[in-house]
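# Architecture and fold: a report
In case you want the letters, here they are:
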Amino acid sequence: MAAKPNQDEAFVTEITKQSIDFSKWYLDVVRKAELADYSPVKGFMVIRPYGYAIWEQIQQQLDQRFKATGHVNAYFPLLIPESLLLKEAQHVEGFAPQVAYVTHGGGEELEEKLVIRPTSETIFGVMYQKWIQSWRDLPVLINQWANVVRWEKVTRPFLRTTEFLWQEGHTAHETAEEAQEETLKILAIYKEFCENVLAMPVVDGQKSDSEKFAGASKTYSIEALMGDGRALQAGTSHNLGQNFAKAFEIQFQGRDKTLQHAWTTSWGVSTRLIGGVIMTHGDDSGLILPPAVAPYQVVIVPIPRGTWKETVLPKCEEIAAQLKAAGIRVKLDADESQTPGWKFSEYEMRGVPLRLEIGPKDIEKSSVFAARRDTRVKASIPMEGLTDAITALLADIQKSLLERARTFREEHTSNADSYDALKAAMEGRPGFVIAPWCEEAQCEADIKAETQATIRNIPFGYEQAPDKPCIKCGKPAKVSAWFAKAY
RNA sequence: CGGGGCGUGGCUCAGUCUGGUAGAGCGCUCGGUUCGGGACCGAGAGGUCGAAGGUUCGAAUCCUUUCGCCCCGACCA
């Protein structure tokens with residue numbers, strides 16, 4: 001594709017420009033691309049078919065990865081007796097303010113209130129206690145795709161909603177080492193998935209104590225950088241140690257005949273990933289979807305002219321069938337009530353990676369006219385070998401989206417060696433700042449209060465910060481932490 | 001939860017200050033001509049003004065309460 005990109009042409013005018021108001025831009029995209037809509041209940045959104053199709057892609061491709069690493073799916077119930085939630089001290093404290101209760105059923109007040117799961121460690125704990133007796137029963141590697149409810153004060157579609165869809169894996173192991181290995185194995189899967197499928201580069205690392213999951217020994221996260229320079233926690237993996245095993249008496253008889261508590265983990269990613277994709281790749285014309293998660297990777301727009309129904313349309317159908325046979329998700333839009341120009345804008349807004357325009361001129365030349373969403377580059381492609389050309393083009397779009405996002409992140413990541421530098425970096429369009437930290441919660445809290453930046457995580461490979469003073473207090477630093485303003 | 005802004009056909013908004021019985025553009029429906037970057041002409045449908053209560057002869061407009069959405073902050077695995 002040799003033609004030059006023309007980024008300046010604003011064909012889509014219904015969306016607030018990112019530079020004017022990024023939040024508004026985001027909400028416009030969600031609404032105009034028909035990803036989601038508000039429901040009658042505050043904080044709850046309807047995920048519309050187009051948005052849900054993206055979620056289905058995420059589900060499918062993550063699920064494959066879980067299965068390939070020995071995990072199985074199951075379904076645990078929505079309602080949990082309040083008493084269960086109270087069993088793990090840290091856990092209750094963390095979740096109590098966000099829990100929704102069911103107090104009545106069958107026209108009567110319930111004897112024990114039920115909580116709508118904010119996460120399912122507790123019910124998994126109860127069941128694992130029943131199912132696990134021997135070291136031979138381990139490991140248990142169960143995942144579930146479910147909805148959870150966490151009462152939130154401020155909500156935004158996909159990024160933070162009261163109810164959201166996610167997967168939560170819950171595993172139990174014989175040794176601490178195995179549990180740690182599992183925790184990191186999943187984190188690696190999340191990272192690989194985000195980069196290769198969502199084209200969203202992430203920083204993987206460990207959470208500080210104050211940002212840890214309520215009840216976990218260690219929490220790891222992957223963090224992505226959004227287009228406005230703020231970080232998004234895209235997934236978490238927790239090593240729960242024996243905390244939940246002790247609270248729920250998940251015990252097994254070991255190889256040495258002694259009774260031991262199991263070592264458990266939990267991990268999840270949610271529909272928030274969709275928000276991440278929107279804010280990682282989107283531009284002023286709307287959504288840009290990586291081909292790997294796009295509900296339609298290719299949209300074919302026939303140009304209706306003269307005898308197009310006898311000439312152009314059959315060719316379009318033929319090409320659509322040919323692409324489908326090659327495993328490409330393709331939509332042919334032959335709707336006569338909209339003009340081609342309208343369709344171009346519409347599919348751009350919806351982020352379809354590649355558009356094919358086919359009209360009489362193309363039929364004559366035995367070629368199709370293709371337009372990439374990511375670079376806006378347009379070019380003719382010969383019909384001969386079209387499927388291969390399109391497969392290659394989609395692969396290139398996938399790759400260049402990741403590269404573009406990586407470059408953006410690198411351009412918005414800096415090292416700070418003084419507190420003033422950190423503060424300065426948090427102004428305007430912030431980004432990640434790598435800075436030495438003493439691991440004292442007080443410094444972390446002070447930094448947050450003064451700059452709004454939080455420690456996103458302590459990336460692997462950055463654990464050592466030799467000879468450097470803590471960015472805040474000046475005492476010897478123990479780690480290099482990645483700071484950012486976060487969603 | 002605190003501060004601010006906003007709720008009027010599907011969407012964006014005017015009308016509210018100075019009460020007099022609801023308007024525009026886009027979209028939608030029908031017919032026709034079009035169609036290579038959000039087409040054009042003609043004819044139509046559609047709202048009781050977020051909700052409840054109050055003041056008044058009369059309320060989108062004034063008063064009270066309430067719900068929702070957005071922004072900033074607090075809070076948030």
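Residues numbered from 1 in each chain as written. Chains lettered and ligands numbered in written order. Predicted model: local features only at pLDDT ≥ 70, side-chain atom pairs only at ≥ 80, totals over all residues. Heavy atoms only, no water.

Moving on, we get to the pattern of salt bridges. Across all of its chains, the model carries 24 salt bridges by this definition. One connected set of salt bridges, linked through shared partners, spans Glu34, Arg48, Glu346 and Arg350. (Salt bridge = Lys/Arg side-chain N within 4 Å of Asp/Glu carboxyl O.)

To continue, consider the sheet that holds strand E3 (residues 72-73). Ordered by their spatial adjacency, 11 strands build an open sheet running E3-E7-E8-E14-E11-E10-E9-E22-E23-E21-E20, and the pairing between neighbours is mixed. At either end of the open sheet lies a strand with only one pairing partner, and these are E3 and strand E20 (413-415). Bridge count for E3 against strand E7 (residues 140-149) is two bridges, and the pairing is parallel. From the neighbouring strand, Val72 faces E7, where its bridge partner is Ile142. (Pairing = 2+ DSSP bridges. Helix = DSSP H or I, 4+ residues; strand = E, 2+ residues; numbered from the N terminus.)

Here we come to helix H6 (residues 176-196). Over its 21 residues, H6 runs 30 Å from end to end, which matches the ideal 30 Å to within 8%, given 1.5 Å per residue. Within the sequence span of H6, burial applies to Ala179, Gln180, Glu182, Thr183, Ile186, Leu187, Ile189, Tyr190, Phe193, Cys194 and Glu195. (Expected span 1.5 Å × (residues − 1). Buried < 20%, exposed > 50% of the residue type's maximum accessible area, 1.4 Å probe, protein only.)

Moving on, we get to the sheet that holds strand E15 (residues 298-302). Read across the open sheet, the five strands follow the order E16-E15-E17-E18-E19; overall the sheet is mixed. Looking at the sheet topology across the chains shown, the edges are occupied by strand E16 (330-332) and strand E19 (378-382). Shown here is a sheet whose adjacent strand axes are inclined to one another by a mean of 25 degrees, direction ignored. Relative to strand E18 (residues 367-372), strand E17 (residues 354-358) runs antiparallel, the two sharing four bridges. Residue pairing for E18: Leu356 is matched across the bridge by Ala370. (Axes fitted to C-alpha atoms, helices over the stretch in contact; angles between N-to-C directions.)

Glancing now at the packing of aromatic side chains. Given two aromatic rings, one states the distance between the centres and the angle between the planes to describe the pair. One pass over the full model with this rule turns up 16 aromatic pairs. When the centroid spacing of 5.7 Å and the interplanar angle of 85 degrees are considered together, the rings of Phe124 and Tyr128 count as edge-to-face. Separated by four residues within a single helix, Phe124 and Tyr128 lie in helix H5 (residues 121-131), roughly one turn from each other. The burial state of Phe124 is the same as that of Tyr128; both residues are buried. (Phe/Tyr/Trp six-rings, centres within 6.5 Å; stacked < 30°, edge-to-face > 60°.)

Right, let's get into the domain arrangement of chain A. Where interface size is given, it is often the accessible area lost as the parts come together that is meant. Assigned domains of chain A: these are domain 1 (22-281), domain 2 (298-400) and domain 3 (413-484). One C-alpha centre belongs to domain 2, the other to domain 3, and the line joining them spans 48 Å. (Domains from an automatic or database assignment.)

Leu35, Ile58, Leu62, Phe158, Leu198, Leu273 and Ile278 are the most contacted members of the largest nonpolar core, which totals 54 residues. Two domains share this core, each providing at least three of its residues, namely domain 1 (22-281) and domain 2 (298-400). By size, the runner-up hydrophobic cluster in this structure holds 27 residues, among which are Val330, Leu354, Leu393 and Ile397. (Core = buried A, V, L, I, M, F, W, Y, C linked by side-chain atoms within 4.5 Å.)

The next point concerns the packing of helix H1 (residues 22-32) against helix H8 (residues 272-281). Where H1 contacts H8, the two axes come as close as 11 Å, and the packing angle between them is 115 degrees. The chirality of how H1 crosses H8 is right-handed. Contacts between H1 and H8 involve Phe22, Trp25, Tyr26, Val29 and Val30 from the first element and Gly275, Ile278 and Met279 from the second. In terms of residue class, the contact of H1 with H8 is made up of seven nonpolar, one polar and no charged. (Left-handed = near helix turned anticlockwise from the far one by under 90°. Contact = heavy atoms within 4.5 Å. Nonpolar A, V, L, I, M, F, W, Y, C, P; charged D, E, K, R; others polar.)

A word on the confidence of the model for chain A. Predicted coordinates in areas of low pLDDT are best not read in detail. When the pLDDT values of chain A are averaged, the result is 93; 96% of them are 70 or greater. Considering only residues more than four positions removed or in separate chains, one finds that residues 1-8, a stretch of pLDDT under 50, has 15 contacts. (pLDDT = per-residue confidence, 0-100.)

Along the chain, Thr387 falls in helix H12 (residues 386-411). The class for Thr387 is buried, based on a relative accessible area of 13%. Apart from the residues lying within four places of it in its own chain, the contact partners of Thr387 are Gln322, Leu323 and Ala326. Of the polar contacts made by the side chain of Thr387, one reaches the side chain of Gln322; its length is 2.7 Å. (Polar contact = N/O pair within 3.5 Å; in protein donor to acceptor, adjacent residues only side chain to side chain.)

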